Structure formats: C-alpha cells, structure tokens
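Commentary on secondary and tertiary structure
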Amino acid sequence: MIAACVKWVAGVPEPGDERFAGISAADQAAVELALRHGASMGDDVVVVTAGPPAAERALREALAAGATRAVRVDLPADATSSDVATALAGVVGDAAFVWCGDYSTDRGSGSVPAFLAAERSARQALGAVAVDLADGATISVTRRLDGGRREVSTVSAPAVVSVEGAVARLRRAGLAGVLAARTAPIEVRRPAVVVPDVAAIVHAYRPRARTLPPPHGSTLDRLRELTDAAAAPAHGETVHLDPADAADRILTALRAWSYLT
Amino acid sequence: MDDEPDVDVIVVGGGPAGACAALVAARAGLSTVLLERGPFPGSKNMYGGVVYPRILDRLIPNWWETAPIQRWVTRRSTMVLTDTQALTVDYRTEAWGKPPYNGATAYRPDFDHWLAGHAEAAGAQLVCDTTAVGLLRGASGRIVGVRTDRPGGDLRARVVIACDGVNSFLAKEAGLFEHTDAKHYTLGVKETLALPKEVIDERFGVRGREGVDIEMIGCTSGVNGGGFLYTNLDSVAVGVVLKLPKLAAQQLRPEEIIARMKRHPAIAPLIEGADLKEYSAHLIPEAGLAMMPKMTTDGMLVAGDAAALCLAAGIWLEGVNFAMASGMYAGEAVVEAVRNGDVGVEGLAGYQRRLSETFVLKDHRRLRRAPEIVLSDRVQHLYPAMVAGIAERMFQVDNPAPKPRLRTILKQERKRVGIRRRDLARDGLDGLRTFG
Amino acid sequence: MSDEWPQVSFEDRMSTVEFRVHERAHIVVDGAKCADCSTRACVVACPANLFVPTSDGGIVFNYEQCFECGTCYMVCNEEGAISWSYPEGGFGVVFRRT
Ligand SMILES: Cc1cc2nc3c(=O)[nH]c(=O)nc-3n(C[C@H](O)[C@H](O)[C@H](O)COP(=O)(O)OP(=O)(O)OC[C@H]3O[C@@H](n4cnc5c(N)ncnc54)[C@H](O)[C@@H]3O)c2cc1C
Ligand code: SF4
Ligand code: SF4
C-alpha cells in the first residue's frame, strides 16, 4: 500500500470560508506522487486526512484523480502535529511509502511527516525537491542543502517522504472519476483517545532565571567601553626575523586575532 | 449505442439560470449534472448589485431567511447628471424592507453559491472546475451532450440546458444565434469600495439592513451607457456600463470613466475615503428582443444571459431575475419533455410558451425599444443637459427678474442644448409608448 | 470638483482581484494581424488593460490577469487576430465581492 497524507486548511486567505479552503500545492504534489508510485507498483493508494468533515472534499478530489481509498480521521482543525501524526499513523501503519506535503497552506512547520516517521519507526526523507521513483521499491530523493547544493539519497520502504509543491502537479481528474467520487464512500475513523504517557513526557530544558548585578556607570560610558576603537587591544608589534620565520609569525598573529581560522 | 445518455440533463453554467434549471430538473427526479467552470458557483460572476428574487417564492419558500443578502433596497434614485449638475428622482418605501421584499444587494460569489447549493440539495450533481468546450451531436444532428475540458470529458444526456452566460459559446455553436454584433453588448466595470457600515448609513440616510440603489445617466464621459451605485453592508458598488462600439471608438479607458464619475460633485461626497476592495468587469447582453436567439433546438435549450434575456433598459438593470425565471421554465419544460419522451424542438416547446406567457418575454416585449432609446445619442448627450438646465432655471431665484414661464424655459433650454422640436416630440412619444 | 481623489495605480487596482493563473494562455493574439489594425480598439476597451501597443506597431498581450469578459474579441477589428477561449476549469479570475 502507498499512502498520501493531506491537510485541509479551512479558508485561505478567508478563514472559515469553505469556498476558499483546500490543501496546499505540496500536499497536491504528494497525492500525485502517491498515485504514480501506486501505479508503478500496481499497489493501492490510500489518501488520508485528519480533519473536520469539510476536509472530505480534498479526499474526493484525490479519489477522482485515482486514489483507491480515502480515510478521514475525525480531528478538529487545531489538533497538534503529534496528535495528527498519531492519528495518521493509525491509518497508514503498514504502507510501504507515505507521501506528505512539506508544508501546508497555513504555513505549517512541516513537522507532521517527521512525527509520522518517528511514530512508525520508518525512514524519512523530508523536503524533497525532486523525486525519481525508479523501480518503486527504492526511490531516489533530491534535497536542498545550504549554498545551493543538493543531496541525493535513496530510500526504501518503510519510509515517509515529504515533498515540495513544485515536485509534481496533481493530474486533472477525469470526468467519470469526478462524478464517481461525489458519492464514493469515505471511511471515517475516530481517533484513538490519546492518553499522554506521563513517564515518557520529556520537558524541554529551560535555563532558570538568574539575578544579575545592576549595570554600573552611565549608559554612555558603557557604550564607549563596548564600542570605542581606541580602547580595543591594538594589533601590531615590531619584530625582526628572517623571512620564513616572519611569515610564520604573521600567520600565528592573524590566527590569534581571529582573522584566520 | 453511442448516444446512450449518462444522465437525463446536463446544465452548463452554475449562475442563477443554471442553478434554477438544475434545481427544477433534479427535484422532479431527473438525474442532473450542473457544470461550472469556476472553482465554485459565482466565482466568475459579476453584476451591478441588486437582485429581485421574488421568483424564488416558487422554488425556495422563505428564501429571504437564508439568502446571503447584504441590504434590502428601500430607496431607489435615478440621477440625471451633467458635468456640474444633478437632477435626482428619489423614491423610498418602508414596504420594500419587509417580507416578501423587493430588491436586495448581494455579492454574486455568495448569492450564486447559495442558490447552486439548493440545486445540489435537490439532488443535482454539481461539478466545478469544469468547462464545457463543445457540443456532442448524434447521428441525426441532435445535441446529445457536451464535451468538457477534463480527461475523458464527454458527457451524454437526453437534454442540455445552456446557461453559460453572455458569451454562450454553446448557443453559438448550436446555431441559435443568427449573428452576434458588438453593438448589442455593453461592458460593465465596477469597483467595490469599503466603507464602515455607520458611514454608509449616515451618508445614504438608511438604517439597519436598509439599502440604496442609484442609477445614473449622463455620467459616462460621452460614451453611451450609464452608471450605478449600490450599498452593501460595509461597501458600496460603483460602476458604469458602456456601449462597446462607442467605448472602442474613443480614448478614455473604462477605469478612467469610473474615476471621472466618482469625482462628480454629487457622487464624490458619498464615497469619499473609501478603499478599493475589488475591481471587476463583465459583459451585458443589452439589446433585448433585437438580439435574442432561438430558445431551443433538438436536445438543447438556452436560458439566462446565454439567451440574451437580461433586461438592461436604461434605468432597469435586471438580469438575475430573468435568468432565474428562464432557468426555472427551462427546467420545467425539460421535465415535461423527458416524461413525454420527446426532447426535440417540438417536445421542448413548453419552454418558449412559458417565456411568452410570463414576465420574461412580456417585459421584454413591452420595453422592446427601451435599450435603444435610453442608449440613443440624444438621451445620452443632450437630454441630461436640457432637464438639468430646466431644473436649474425653475429653482433659481433671479430677483428682481420675475420667474420665467415654464414653457419659455423649456423652449430656451431645448434650443441651448440643440434639440429640434420635432425630435423632442418624437422622443417624448416613443418614451411614452415604451415606458408609459 | 475635488482634485484630491486618491489615485489607485492600475497595478494596485488589479491586485485587488484573485487570478489563478494557468500555465497555458487561454487567449492568443496574432501580432501579424494587429500590425494592419487601424482602430486598436482592444487597447482602450480591455478593462484589465492587457493589450499594450509596441513602438513598432505591434501589440503585446498578457493573458494572466484577464476577467474573461469577452470585450476584446467583440471589439476586435481584424478577423482572426484574437483566439479566445476560457481558461481550463478552475483557473482564471475568482471574484469575491462583486
Ligand atoms: C455590470 C453589470 C451589472 C449588472 N447589474 C445587474 C443588477 O443590478 N441586477 C440584475 O438582476 N442583473 C444585473 N446584471 C445582469 C446579470 O448579472 C445577468 O443577467 C445574470 O448574471 C445572468 O445570469 P446567468 O445565469 O444567465 O449567467 P451568468 O451569471 O453569467 O452565469 C453563467 C455561468 O456559467 C458558467 N459558464 C460559462 N461558460 C461555461 C462553460 N463553457 N462551461 C461551464 N460553465 C460555464 C460561468 O462560470 C457562470 O457561472 C448586471 C450585469 C453586469 C455585467
Ligand atoms: S483590435 Fe484586434 S487587430 Fe486591432 S490591435 Fe486589438 S487585437 Fe489586434
Ligand atoms: S476577455 Fe476581457 S479582460 Fe480578458 S483580455 Fe479580453 S477584454 Fe481584456
């Protein structure tokens, strides 16, 4: 089974207006890749969302485009990323690959795919800018690194892959598909009640507040002290050495003054 | 077998005509697909701003309880403008502010969406994001469906109801229009301007949900047409309609013509300080009977603006009610035809009959010459100056000179503006015959 | 008449409208035909100001911010200069308050 997870975002930029609600371009790309992946593997494609009933429109669009099955986990729109991931994991448990969008239209942090991978102990390849489905069993994913560099890695099942919107454009659903999807069944699941495992809760480290002595002297003086070039240690000394030693000395000095690393 | 229908009825266009047609067909139990090219019904639709929904009494009882209305029009003004003058006929009534109401301002993306929702609730299958790009014909030439722009996009039906609006490529493809001519169309451009509700209430002298409808002539910088100003809850709609050939033959762009109208001393104070929220444009089929197509062909009917049923006779700008009514009658005729097993021109004759027997064609017949009169050069460019001049001189106190006789003023103003007596008499008679 | 009407630039005017732009142009203008056109009716009439005359007598057209109104093909002077169609379903102009 191949899965795609999408997030329904109610009303962008007009909140609460279902006419302007939808899923992000990245989620659409995820659905498209799941469909291609499913087709290449001859496998079922399940599309999942955790959200309110209105979100079923996105599922119907995915069904119209060719998804085999659609599941909605009934969660309020403001559920936390980890609850959403837990809910999704309950549905996509044994999928070989799970495709997600890298961000959702409400500027999500993109953390759901990571939570989801952790939840399933699956491999993760997040933020893909290009994808090669290759033979389907092992796919290759290109990701952005700093300085315009790219990293290409191969990923095999089980894996969670999140993609950017530009990776693929969701195909235009055929008319028959659209008509059939209007009445296709959508499985609705209640989320398992999430009971927090108290022992396992990790608290973030936050340094305790410390009392510091009040500043001394006038503000101006303190500023001068911090910024006055005259007060700064002067670099420079006169030495007499032969050229090779002089060169070494210069380099040592530059390092000491942090002009070189 | 190729002609085997997928559904009973395809309605193309989720505007008011299409929504009512689909509602009636679906309610009668016919399998009905309603195609809309926009992402939701109303997303492509723009108009001046006032609907007259009384025809909905028959389809959606107590429609006013749920319709997305901005304000109920209780005050209606007609203004005749020259560059510096304004003569206003202003009517207001409490009655229009209570059920069953008269006119109402509404945004089309809201209203059309709401109306199509009723069609869906009646069982019509609304399919958005889908453009009908052509007609399918059977062996006999009969229309048997439409081609859409989706993959595998052919859809077959017993009957197609084309409610695809003013450009109706379907009615044209079906050969229902003999010819189309730019002179039968006007371009409407409009600005939706935000103003706080209290400011609108104060400037327009209304309260609560009461609203104002102002129609203007003489404000379109010499391009034949007219202007309008409508109040929404916290915005006003200001726009002009412009006769296409006249617009094309001069130098001012549409938004400049609006800008000039907005600077008129009678208009400027009403909209001062308002921010532009949305700019929009759309064509209007303006010529009424003079441009109407044949309403049916084998397997297809045409309704609403697609059939040029908009009544745009100067101070009347009613299209939504004509669209809703014609859509409804088209739906009724189709139900009848499908039940009788004859969806050819003969079988669909109930449509033309309903149009003829009701306000749809009765109003058009009565006001047959109105568009031509109201958009004529004399009415557009000379009469505003004449009537404004007459009013000015009647109400001006020029002591010690005594008040002039009305007859004298009339004669002098007519001459000043340059209208021949013969033309004035003829236009007066025409006007009486048309509007009287 | 007040001269102090705050002018909205045409760009700002168009930025009040949502357009879901498709990669394929739904209207195509044949520049060769425009070269012979004497009226340039589209230039003044298009409410979105999408027809821009060039110094060499041609027309530059951009389909992206189009109202899909139909004015241009109706007023066009030269048979066949404009190929006009609707954008693919779901794309193009989306009104909200009109
Ligand atoms: C500036 C202006 C001011 C107006 N003022 C008023 C007013 O104040 N009051 C009033 O009552 N009327 C007014 N009208 C007229 C009114 O807007 C129209 O008469 C009315 O909208 C007609 O309704 P309709 O359903 O026939 O067409 P439309 O409302 O145009 O609906 C047609 C529908 O079909 C869809 N469509 C078109 N082609 C296709 C296709 N090929 N495939 C799928 N879908 C398609 C469109 O997206 C649209 O939703 C005004 C019009 C304008 C332009
Ligand atoms: S009116 Fe037609 S032919 Fe003339 S410039 Fe415009 S598009 Fe070209
Ligand atoms: S359809 Fe209307 S908005 Fe679009 S290019 Fe033509 S005239 Fe301009």
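The paragraphs below set out a description of the structure included in this document.

Structural notes on the overall build of chain C
- Of regular secondary structure, chain C possesses 4 helices and 6 strands.
- In sequence order, the secondary structure elements of chain C are arranged as α-β-β-α-α-β-β-α-β-β.
- By principal-axis analysis of the C-alpha atoms, chain C measures approximately 40 × 40 × 20 Å.
- Taken over 98 residues, chain C has a buried fraction of 50%.
- A sequence separation of at least 24 residues applies to 65% of the contacts in chain C between residues at least 6 apart.
- Distance between charge centroids for chain C: 7 Å, based on 7 positive and 14 negative side chains.

A closer look at the interface of chain C and chain B
- Each partner contributes to the interface: chain C provides 41 residues, whereas chain B provides 52 residues.
- Regarding the contact of chain C and chain B, the summed buried area is about 3,900 Å², with carbon and sulfur atoms giving 58% of it.
- Where chain C meets chain B, there are 3 salt bridges.
- We note a salt bridge from E68(C) to K44(B), for which the minimum N-O separation is 3.1 Å.
- Inspection of the chain C/chain B interface yields 23 residue pairs in polar contact (both at pLDDT 80 or more).

Examining a nonpolar patch on the surface
- On the surface, a cluster of nonpolar side chains totalling about 330 Å² of accessible area is made up of M394(B), F395(B) and L406(B).
- For L406(B), the position within the fold is in helix α13 (residues 406-417).

Some thoughts on the site of ligand 1
- Looking at ligand 1, there are 38 residues lining it, with E36(B), G48(B), V50(B), R108(B) and D305(B) nearest.
- At the site occupied by ligand 1, the surrounding residues belong to chains B and C.
- Between ligand 1 and A17(B), the relevant distance is 2.9 Å, taken from an oxygen atom to a main-chain nitrogen or oxygen of the residue.
- Between ligand 1 and N45(B) there is a distance of 3.1 Å, counted from an oxygen atom to a side-chain nitrogen or oxygen.
- For ligand 1, the protein covers 98% of the area, taking 990 Å² as the surface of the free molecule.
- If you list the elements that add at least two residues to the shell around ligand 1, you get α1 (16-27), β15 (275-285) and α8 (320-340) of chain B.
- The class makeup of the residues in the shell around ligand 1 is 17 nonpolar, 14 polar and 7 charged.

Some remarks on the nonpolar core
- W99(A), L56(B), L229(B), Y351(B), F51(C) and F67(C) are the most contacted members of the largest nonpolar core, which totals 202 residues.
- When residues of this core are assigned to their parent elements, the largest contribution, 13 residues, is made by α8(B).
- Beyond its immediate sequence surroundings of up to four residues, F51(C) is in contact with V29(C), C42(C), V43(C), C46(C), I59(C), V60(C), F61(C), C72(C) and I82(C).
- Counting residues in hydrophobic clusters, the runner-up holds 22 residues, among them V71(A), A89(A), A122(A) and V160(A).

With respect to the sheet that holds strand β3 (residues 69-74) of chain A
All names here are of chain A.
- If you trace the 9 strands from one edge of the open sheet to the other, you get β7-β6-β5-β8-β4-β1-β2-β3-β9, paired in mixed fashion. The outermost strands of the open sheet, each flanked by one partner alone, are β7 (150-156) and β9 (187-189). Averaged over all pairs of adjacent strands, the angle between strand axes in this sheet comes to 35°, irrespective of strand direction.
- Sitting on the sheet, helix α4 (residues 111-120) touches β1 (2-6), β4 (97-101), β5 (123-132) and β8 (159-163), and the angle it makes with β8 is about 175°.

Details of the interface of chain B and chain A
- Listed as interface residues are 20 residues of chain B and, on the opposing side, 11 residues of chain A.
- The interface formed by chain B and chain A includes 3 salt bridges.
- Close ionic contact of R172(A) with D149(B) constitutes a salt bridge, the shortest N to O distance being 2.8 Å.
- Counting across the interface, chain B meets chain A through 7 residue pairs in polar contact (both at pLDDT 80 or more).
- Considering each element in turn, the side of chain B that touches chain A owes the most residues, 4 residues, to helix α2 (residues 108-121) of chain B.
- Its residues placed into classes, the side of chain B that touches chain A shows 8 nonpolar, 6 polar and 6 charged.

Conventions and cut-offs
- Residues numbered from 1 in each chain as written.
- Chains lettered and ligands numbered in written order.
- Predicted model: local features only at pLDDT ≥ 70, side-chain atom pairs only at ≥ 80, totals over all residues.
- Heavy atoms only, no water.
- Helix = DSSP H or I, 4+ residues; strand = E, 2+ residues; numbered from the N terminus.
- Buried < 20%, exposed > 50% of the residue type's maximum accessible area, 1.4 Å probe, protein only.
- Contact = heavy atoms within 4.5 Å.
- Lys, Arg positive; Asp, Glu negative; His and termini not counted.
- Charge placed at Lys NZ, Arg CZ, Asp CG, Glu CD.
- Buried area = accessible area lost by both parts, 1.4 Å probe.
- Salt bridge = Lys/Arg side-chain N within 4 Å of Asp/Glu carboxyl O.
- Polar contact = N/O pair within 3.5 Å; in protein donor to acceptor, adjacent residues only side chain to side chain.
- Patch = residues over 30% accessible without salt bridge, like charges linked within 9 Å, V, L, I, M, F, W, Y side chains within 5 Å.
- Areas by Shrake-Rupley, 256 points an atom, 1.4 Å probe, with all protein chains shown as cover.
- Near = heavy atom within 4 Å.
- Nonpolar A, V, L, I, M, F, W, Y, C, P; charged D, E, K, R; others polar.
- Core = buried A, V, L, I, M, F, W, Y, C linked by side-chain atoms within 4.5 Å.
- Pairing = 2+ DSSP bridges.
- Axes fitted to C-alpha atoms, helices over the stretch in contact; angles between N-to-C directions.

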